[in-house]
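# A closer look at the structure
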Amino acid sequence: MATAAKREFSHQYHNSLVNGNLAYDLKREELEHHLRHAGEERREETAARPAVKSVAAARPLVREAQHVSILSVVGFAAVAVMAVMVLMSYVTLTQLSSDVVSLKKELAVLETDNVTLTAEYQQMYDLAAVKEVAMANGMAKPVSGQVYYMDLSSGDSAVVYQTESPNVLSRLLTSLHHGVYAVVEYFN
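All of these numbers come straight from a predicted model, not from anything done at the bench. (Residues numbered from 1 in each chain as written. Predicted model: local features only at pLDDT ≥ 70, side-chain atom pairs only at ≥ 80, totals over all residues. Heavy atoms only, no water.)

### Focus: the overall build of the protein
Using the following cut-off: Where helices and strands are cited, they refer to DSSP runs of H or I of at least four residues and of E of at least two residues respectively, numbered from the N terminus. Buried residues are those whose accessible area, probed at 1.4 Å on protein chains only, stays under 20% of the maximum for their type, while exposed residues exceed 50% and partly exposed ones sit between those limits. Surface accessibility in these figures is a Shrake-Rupley result with a 1.4 Å probe; residues are shielded only by whichever protein chains are displayed.
Broken down by element type, the protein carries five helices and zero strands. Secondary structure elements in the protein, listed N-terminal to C-terminal, are α-α-α-α-α. When each of the 188 residues of the protein is scored for burial, the buried share is 2%. Accessible surface for the protein amounts to roughly 19,500 Å². Of this, 62% is attributable to carbon and sulfur atoms.

In structure tokens, the structure reads:
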């Protein structure tokens, strides 16, 4: 039997070389194994099983209660506060964006109103309409006899006239008059 297996292996191996196939034969090692152990009795490989030890059912271990670190509690609280602050800032940002949009709409309306009112204002002061109203009220352009021209080419000069200084009696009467007038005005 060993010789038959050798011949079969040799025949398969040599045929693959003869056929010009240079690829690696995947069954080669398996065939060599059969060749080496040809004629031997097949033995059952029995692995030695480890002896089973009987162990009583163990109770589950319970972990001791652990203390929570104050630093971790403070950290979680800080993260929660920051998350709330971020949410509040998003709310504020959304509100501000909404206000900006409404103010832009209002600005567009006001700009349109400004253009309309400016046009109406310019129409109100139409020179032809003003001239017509002035003529209706009796106003007219001045004629040449009503126009006076001043010659300012000479230097500036001013004449001051002095009045006579009042006598003592007239000053006394004037101050008495002012005093009586002030008393009457006070009690009214």
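After that view, the rundown keeps rolling.
### Observations concerning the packing of aromatic side chains
Going by this rule: When two rings of Phe, Tyr or Trp (its six-membered ring) have centres within 6.5 Å they constitute a pair, described as stacked for plane angles under 30 degrees, edge-to-face for angles over 60, and tilted for the intermediate range.
For the structure shown, the criterion picks out one aromatic pair. Centre to centre, the rings of Y186 and F187 are 5.2 Å apart; their planes meet at 75°, and the pair counts as edge-to-face. In this structure Y186 comes out as exposed when scored by relative accessible area, which is 67%. When its relative accessible area of 65% is taken as the criterion, F187 is described as exposed.

### Remarks on a nonpolar patch on the surface
Under the convention used in this document: Within this analysis, patches are made of residues with over 30% relative accessible area and no salt bridge. Like charges are joined at 9 Å or less; nonpolar side chains (Val, Leu, Ile, Met, Phe, Trp, Tyr) at 5 Å or less. Criterion for a salt bridge: a side-chain nitrogen of Lys or Arg within 4 Å of a carboxyl oxygen of Asp or Glu.
Together, L169, L172, L173, L176, V180 and V184 make up a nonpolar patch on the protein surface, roughly 600 Å² of accessible area in all. By relative accessible area, L169 is classed as exposed at 57%.

### Some words on the confidence of the model for the protein
As a reminder, the rule being used: Within a predicted model, pLDDT stands for the predictor's per-residue confidence, ranging from 0 to 100.
Per-chain confidence: the protein averages 81 in pLDDT, with 79% of residues scoring 70 or above. Confidence scores differ between elements of the protein, with helix α1 (residues 2-18) showing the lowest mean pLDDT of 54 and helix α3 (residues 70-124) the highest of 94.

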